[in-house]
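Chains, contacts and geometry: an overview
So the chains spell out like this:
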Amino acid sequence: MTHILHRQIGSSLPVAASGSGIEIVDSTGKRYLDASGGAAVSCLGHGHPAVTAALHEQLDRLAYAHTGFFTTDVAERLGDRLIEDAPKGLGHVYLVSGGSEAVEASLKMARQYFTERGETARRHVIARRQSYHGNTLGALAAGGNAWRRAPFSPLLIETHHIDPCFAYRFQQPGESDEAYGLRAADLLEEKILELGAGTVMAFVAETVVGATSGAVPPAPGYFKRIREICDRHGVLLILDEVMCGMGRTGTLHACEQEGIAPDLMTIAKGLGGGYEPIGAVLLGKHIYETFAKGSGFFQHGHTYMGHPMACAAGLAVQETIRRDDLLANVKAMGALLQRRLGERFGNHPHVGDIRGRGLLQAVELVEDRSTREPFDPALKLHAKVKKAAMARGLMVYPMGGTIDGQRGDHVLLAPPFIVTAEQIGDIVDRLGRAIDDALAQGG
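Residues numbered from 1 in each chain as written. Predicted model: local features only at pLDDT ≥ 70, side-chain atom pairs only at ≥ 80, totals over all residues. Heavy atoms only, no water.

A short note on the sheet that holds strand 4 (residues 90-96)
- Read from one edge of the open sheet, seven strands run 4-10-9-8-7-5-6, paired in mixed fashion. Two strands bound the open sheet, and with one partner strand each, they are strand 4 and strand 6 (160-162). Pairs of neighbouring strands in the sheet enclose a mean axial angle of 20 degrees, with direction left out of account.
- Direction of pairing for strand 5 (residues 124-128) relative to strand 7 (residues 200-206): parallel, over a ladder of three bridges. Of the residues in strand 7, the one forming a bridge with V125 is A202.
- Across the face of the sheet, helix 10 (residues 285-293) comes into contact with strand 4, strand 8 (236-240), strand 9 (264-267) and strand 10 (279-284) while running at roughly 85 degrees to strand 10. (Pairing = 2+ DSSP bridges. Helix = DSSP H or I, 4+ residues; strand = E, 2+ residues; numbered from the N terminus. Axes fitted to C-alpha atoms, helices over the stretch in contact; angles between N-to-C directions. Contact = heavy atoms within 4.5 Å.)

Structure representation (structure tokens):
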């Protein structure tokens, strides 16, 4: 009997007892390879000594101070580090407790920015179908995950969605990657003009789409065209890098690989590596200056924003990534992971696509490889894969397909940055066996 409302009522979850490196150990002593970093969170694995030492030191000094009364040295140092490494034009940091809070804050920043400039008609948010931006009401409204949105639709603000940049599902036969990327981006301009350019405040997108569609990278030229369109119509570009950012794709920020910078960027997950709940919005200098020269404040706030313990974790994680040159390992092990996935699943009759960047990779499962027809969502193949993987001591992040056939069941991998070549091989081997087990159960 549990008094916790778990995600799945009636499920029997193992009890996590300890963790070290890439492994979590349950209360029976069974060991699990954490091949998804939880939900792409545990970028340094579990029990990293540098982070735990920093947390002990901060706890001995100060656990909590409300940001309405104080700033702290550790928060200021984290802010300095984040801006030192930020894309050009981002000059300030707003600290929160997680990804949904970060997206929620970014939407309110966008609206306040325009109201302080006298452009009060700008209220529309455009995002993409098959996206995910969080579970708070504003973030859920921006997201394009129909299943998550449906029960709460009467509570959500009006938002607008265009097709994602998803080559496997939307690229036309004979269309080059570059031509497809530009065509997908031009859908944004069509929607802006439909709504009225002076009424649109922001376009929100994951630079590399995370769990909802499964590690979908943008086509070449897509985000450069998106940036041009936003600039042409005075629309703010909000990049959601909660899952794909902070080194996960091989560069600290995924947008570095696109050659652009957003007006607002949300980060979390790998920012604190799971050691403390922390997220942030990185905001452009023009947005900060508008607030500073106008009302002088941002009309928002949370009790635990800028929490000293969370900031200590974030700073220690980011210093460790830099000191140990872990982004080099993300690139090397990411390339190995993609190659090993190709070797294991490249000719698998039920794997339609293998995609991703760095240590954010996914395989998409389909009933028919030649037609790309997904499995019937009622089969819940993704749940069977998760169960089979856990039985084999492997943690992966599967998601279900869609009823409209625009995405099949897929399995997301996001192992810690400290993963070794031997562990990559073990992950792919166990995943292959788990997928085959799930298919044998009636997938």
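Thoughts on helix 12 (residues 326-345)
- Spanning 20 residues, helix 12 covers 27 Å between terminal C-alpha atoms, matching the ideal 28 Å at 1.5 Å per step.
- On its buried face, helix 12 is in contact with helix 11 (308-323), strand 11 (351-357), strand 12 (360-365), strand 15 (409-413) and helix 14 (421-440). (Expected span 1.5 Å × (residues − 1).)

Some words on the nonpolar core
- L188, F203, I226 and L431 are the most contacted members of the largest nonpolar core, which totals 93 residues.
- A per-element tally of this core places helix 11 first, with nine residues.
- In this structure, I226 is in contact with A185, L188, F203 and L237, ignoring residues within four places of it in sequence.
- Among the nonpolar cores identified, the runner-up in size contains 26 residues, and V96, A102, F114 and V281 belong to it. (Core = buried A, V, L, I, M, F, W, Y, C linked by side-chain atoms within 4.5 Å. Buried < 20%, exposed > 50% of the residue type's maximum accessible area, 1.4 Å probe, protein only.)

What about unusual backbone geometry?
- In the Ramachandran plot, Q130 falls in the positive-phi region, its phi being about 65 degrees despite a non-glycine side chain.
- Note that Q130 resides in the loop between strand 5 and helix 5 (137-142).
- The phi dihedral of R372 is positive, around 65 degrees, even though this residue is not glycine.
- The topology assignment puts R372 in the loop between strand 12 and helix 13 (381-391).

Points about helix 2 (residues 49-61)
- Taking 1.5 Å as the rise per residue, helix 2 with 13 residues should run 18 Å; its terminal C-alpha atoms sit 18 Å apart, in good agreement.
- Listing the buried residues of helix 2 in full gives V51, A54, L55 and Q58. For helix 2, the arc enclosing every buried residue in end-on projection is 100 degrees, short of the 170-degree limit, so these residues lie on one face. Exposed residues on helix 2 whose side chains face more than 90 degrees from its buried face are P49, H56 and D60.
- Against helix 3 (73-84) and helix 11 lie the buried residues of helix 2. (Arc of directions from axis to C-beta.)

Some details on the packing of aromatic side chains
- Counting across every chain of the model gives six aromatic pairs.
- Three or more aromatic residues joined by ring pairs make a cluster, and in this case those are Y94, F291 and F298. (Phe/Tyr/Trp six-rings, centres within 6.5 Å; stacked < 30°, edge-to-face > 60°.)

So, the sheet that holds strand 2 (residues 23-26)
- Strand order in this open sheet of four strands is 1-2-3-13, and the pairing throughout is mixed. The sheet is open, and its two borders are formed by strand 1 (16-20) and strand 13 (394-395), each paired with just one other strand.
- Of the strand pairs in this sheet, strand 2 and strand 3 (residues 31-34) are connected by three bridges, and their pairing is antiparallel. Along strand 3, the bridge assignment pairs V25 with R31.

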